[in-house]
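# Summary of structural features
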Amino acid sequence: MPSAPQFRSEFMQTFAARGAYYDCTDPEGLDDLFAKERVTAYIGFDCTAKSLHVGSLVQLMTLRRLQQCGHRPILLMGGGTTKIGDPSGRDESRQLLTSDQIEQNKQSILSGISHLLRFGDGPTDAIMVDNAEWLDRLGYIEFLRDYGRHFSVNRMLSMESVKLRLEREQPLSFLEFNYSIMQAYDFVELYRNYGCRVQSSGSDQWGNIVSGIDLGRRVENVSLYGLTTPLLTTASGAKMGKTAAGAVWLNKDMLSPYDYWQYWRNTEDADVGRFLRLFTDLPLDEIGRLETLEGAEINAAKIVLANAATEMLHGEAAAKDAEAAARETFEQGGAAAGLPTVEVAQAQIEAGMSALDLFALAGLVASKGEARRHISAGALKINDETVGDVGATVGAADLRDGAIKLSVGKKKHALVRTA
């Protein structure tokens, strides 16, 4: 990872101090640009799912930092590029979505991240743009004639996202091969329409960013800039945004605020300071104090991280409710009202349900096989009582105040209520 240069603009200083800097196409030139004027910068997100996940949070925080430092962020939604599919980091082609599915995903994504940015018409207000606005209108022959001639196939074949697929002898469709051209064209359109001079993204998008900068120079004679963030893993090497239970989604209808809070509360000790810098607005001197805590005291810093991250995404009330639910669950052993809840028909409970099925239904295990392994380890509990039999059933007698508490280990819990 390249070391960050010494910057003088507020944004670049903040960006580097928070641990978000990985590389830049022209560090000195971009620093000068941020120092002398209000800059418009963008980051793109394709609409492949109904929610972004924690792996996208570094990019969203970059937009937030831009706004906090007096610049204008553009949230570019890939209504057009989603129809093609980014080959980066893929072993196979993405499933193609319909226009309706893409639009539904876009609206859902926006609803999940609305707390992170201030949208509006002011000079530093964030704006949402959909690249379908221009990509859907392109004429194929005209586009190839006007822009395709500026792209070298030799260079495109050398791009990491393409090269890896070819080296593994995995299929790369001509559709996906065009993704880099589409992304480069996005940069030019955003410059033309909004005066956008900067694209930021993860370091895996470096080739696509450089293609956009080169296209801007060729067709508009303008200097554009690229700024990348590191691809994050946890201290143990796990990919950010993924857990054994699945993706850590940002939308609360796909992952409850309680489970989101728990994700940050379970941060590895070695990651606490780094994550506080990247994913919260806490002052750096306060973060410096928190990351020096050791032993049991580091748990206090993890709670600060969980509260700050959850409040930023879901609001103050959700963060307080999640902390209270965790305290009641872990310190008092109670079935807290703020736990994730699944509803099951009263008749099903009265007839008796397999414990394996119920844990899978509640999303606490990925499969009945996983539930069996947890039972063998003594990790599955119903109403805080260990489940010792893979054939155990759950019935009406297990209801406590209208709910059944399910637990996997000490940190994963859910409530079952009758509908």
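Everything here concerns the structure above.
Everything in this summary refers to the structure shown in the same document. (Residues numbered from 1 in each chain as written. Predicted model: local features only at pLDDT ≥ 70, side-chain atom pairs only at ≥ 80, totals over all residues. Heavy atoms only, no water.)

## As for the overall build of the protein chain
In terms of helices and strands, the protein chain carries 19 helices and 15 strands. Against the compact-globule benchmark of 22 Å for 419 residues, the protein chain has a radius of gyration of 24 Å, which places it among compact chains. Along the three orthogonal principal directions, the C-alpha set of the protein chain runs to about 75 × 50 × 40 Å. Here the protein chain, with 419 residues, has 50% of them falling under the buried criterion. Accessible surface, the protein chain as shown: approximately 19,400 Å² in total, 48% of it carbon and sulfur. (Helix = DSSP H or I, 4+ residues; strand = E, 2+ residues; numbered from the N terminus. Rg over C-alpha atoms; globule rule 2.2 N^0.38 Å. Buried < 20%, exposed > 50% of the residue type's maximum accessible area, 1.4 Å probe, protein only. Areas by Shrake-Rupley, 256 points an atom, 1.4 Å probe, with all protein chains shown as cover.)

## As for helix H11 (residues 206-220)
Over its 15 residues, H11 extends 21 Å from the first C-alpha to the last, a length consistent with the 21 Å expected when each residue adds 1.5 Å. In the core, the buried residues of H11 are packed alongside helix H7 (153-158), helix H10 (179-194), strand E5 (198-202) and strand E6 (225-229). Phi for Asn 221, located one or two positions after H11, is positive at around 55°. (Expected span 1.5 Å × (residues − 1). Contact = heavy atoms within 4.5 Å.)

## Describing the packing of aromatic side chains
Taken as a whole, this structure holds 12 aromatic pairs when the rule is applied. Aromatic side chains Tyr 42 and Phe 187 sit 5.5 Å apart centroid to centroid with 65° between the ring planes, which places their arrangement in the edge-to-face category. Taken together, the residues span a long stretch of sequence, with Tyr 42 in strand E2 (residues 40-46) and Phe 187 in helix H10 at a distance of 145 residues. The two residues Tyr 42 and Phe 187 agree in class, both being buried. A ring pair is formed by Tyr 260 and Trp 264, whose centres lie 6.1 Å apart and whose planes are at 75°; its orientation type is edge-to-face. Taken as a pair, Tyr 260 and Trp 264 lie in helix H12 (residues 257-265) at a separation of 4 residues, close to a single helical turn. (Phe/Tyr/Trp six-rings, centres within 6.5 Å; stacked < 30°, edge-to-face > 60°.)

## Here we look at the packing of H12 against helix H15 (residues 298-314)
In contact at an axis separation of 8 Å, H12 and H15 are set at 140° when each is read in the N-to-C sense. By the angle class used here, H12 and H15 are oblique. The handedness of the crossing between H12 and H15 comes out as right-handed. Together, Pro 257, Tyr 260, Trp 261, Trp 264 and Arg 265 of H12 and Asn 299, Lys 302, Ile 303, Leu 305, Ala 306, Asn 307, Ala 309, Thr 310, Leu 313 and His 314 of H15 make up the contact between the two elements. A class-by-class count of the residues in the contact of H12 with H15 yields 9 nonpolar, 4 polar and 2 charged. (Axes fitted to C-alpha atoms, helices over the stretch in contact; angles between N-to-C directions. Parallel < 35°, antiparallel > 145°, perpendicular 65-115°, else oblique. Left-handed = near helix turned anticlockwise from the far one by under 90°. Nonpolar A, V, L, I, M, F, W, Y, C, P; charged D, E, K, R; others polar.)

## Description of the sheet that holds strand E1 (residues 23-24)
As summarised here, the arrangement of the 6 strands in space is E1-E6-E5-E2-E3-E4, forming an open sheet in which the pairing is mixed. The sheet is open, and its two borders are formed by E1 and strand E4 (127-130), each paired with just one other strand. The sheet contacts of helix H2 (residues 27-36) involve E1, E5 and E6, and relative to E6 the element is tilted by about 100°. (Pairing = 2+ DSSP bridges.)

## Notes on a nonpolar patch on the surface
Together, Tyr 140, Ile 141, Leu 144 and Phe 174 line one region of the surface with nonpolar side chains, adding up to about 460 Å² of accessible area. The biggest single contributor to the nonpolar patch is helix H6 (residues 140-146), with 3 residues. With respect to the helices and strands, the residue Phe 174 is situated in helix H9 (residues 174-177). Judged by its relative accessible area of 57%, Phe 174 is exposed. (Patch = residues over 30% accessible without salt bridge, like charges linked within 9 Å, V, L, I, M, F, W, Y side chains within 5 Å. Salt bridge = Lys/Arg side-chain N within 4 Å of Asp/Glu carboxyl O.)

## Some details on unusual backbone geometry
Look at Asn 221: it is not a glycine, yet its phi comes out positive at around 55°. Tracing the chain through its elements places Asn 221 in the loop between H11 and E6. The exposure class of Asn 221 is exposed, given its relative accessible area of 72%.

## Remarks on the packing of H10 against H11
Interhelical geometry of H10 versus H11 gives an angle of 50° and a closest axis separation of 8 Å. Classed by the angle they form, the pair H10 and H11 counts as oblique. Once H10 is placed against H11, the crossing between them reads as right-handed. Contact residues: H10 offers Tyr 179, Ser 180, Gln 183, Ala 184, Tyr 185, Phe 187, Val 188, Tyr 191 and Arg 192, while H11 offers Asn 208, Ile 209, Ser 211, Gly 212, Ile 213, Leu 215, Gly 216, Val 219 and Glu 220.

## Description of the pairing of strand E9 (residues 341-344)
Side chains Val 342 and Val 344 of E9 all project onto a buried face; the interleaved residues Thr 341 and Glu 343 project onto a face where none is buried. Pairing of E9 with strand E15 (residues 412-418) involves 4 bridges; the strand directions are parallel. Looking across to E15, one finds that Glu 343 is bridged to Arg 417.

## Quick word on the environment of Leu 190
Within the element layout of this structure, Leu 190 appears in helix H10. Among the residues examined, Leu 190 registers a relative accessible area of 0% and is labelled buried. Along the primary structure Leu 190 and Asn 251 are separated by 61 residues, whereas in three dimensions their C-alpha atoms are 27 Å apart. Setting aside residues no more than four positions away along its own chain, Leu 190 makes contact with Tyr 42, Ile 74, Leu 76, Val 129, Trp 134, Gly 195 and Cys 196.

## A few points about the nonpolar core
One finds Leu 30, Leu 57, Leu 60, Leu 250, Tyr 260, Trp 264 and Phe 279 to be the most contacted residues of the largest nonpolar core, which totals 68 residues. Among the elements that line this core, the one with the most residues is H15, at 8 residues. Not counting residues up to four positions away in its chain, the partners in contact with Phe 279 are Leu 57, Val 58, Met 61, Leu 232, Met 240, Trp 264, Ala 309 and Met 312. (Core = buried A, V, L, I, M, F, W, Y, C linked by side-chain atoms within 4.5 Å.)

## Notes on H15
In this model, H15 (17 residues) spans 24 Å end to end at C-alpha, consistent with the 24 Å of a helix rising 1.5 Å per residue. The buried fraction of H15 amounts to 12 of the 17 residues, a majority that puts the element mostly inside the structure. Restricting attention to buried positions, one finds in H15 the residues Ile 298, Ala 301, Lys 302, Leu 305, Ala 306, Asn 307, Ala 308, Ala 309, Thr 310, Met 312, Leu 313 and His 314. Residue Gly 315 follows H15 closely and has a positive phi angle near 105°.

## Here's the deal with the sheet that holds strand E12 (residues 385-386)
Judged by pairing direction, the sheet is mixed, and its 5 strands sit side by side in the order E9-E15-E14-E11-E12 without closing on themselves. Across the chains shown, the open sheet's two edge strands, defined by having one partner strand only, are E9 and E12. With 3 bridges connecting them, strand E11 (residues 380-382) and strand E14 (residues 403-408) associate as antiparallel partners. By the bridge assignment, Leu 380 is partnered in E14 with Val 408.

Function cannot be read off these values alone, since they describe shape.
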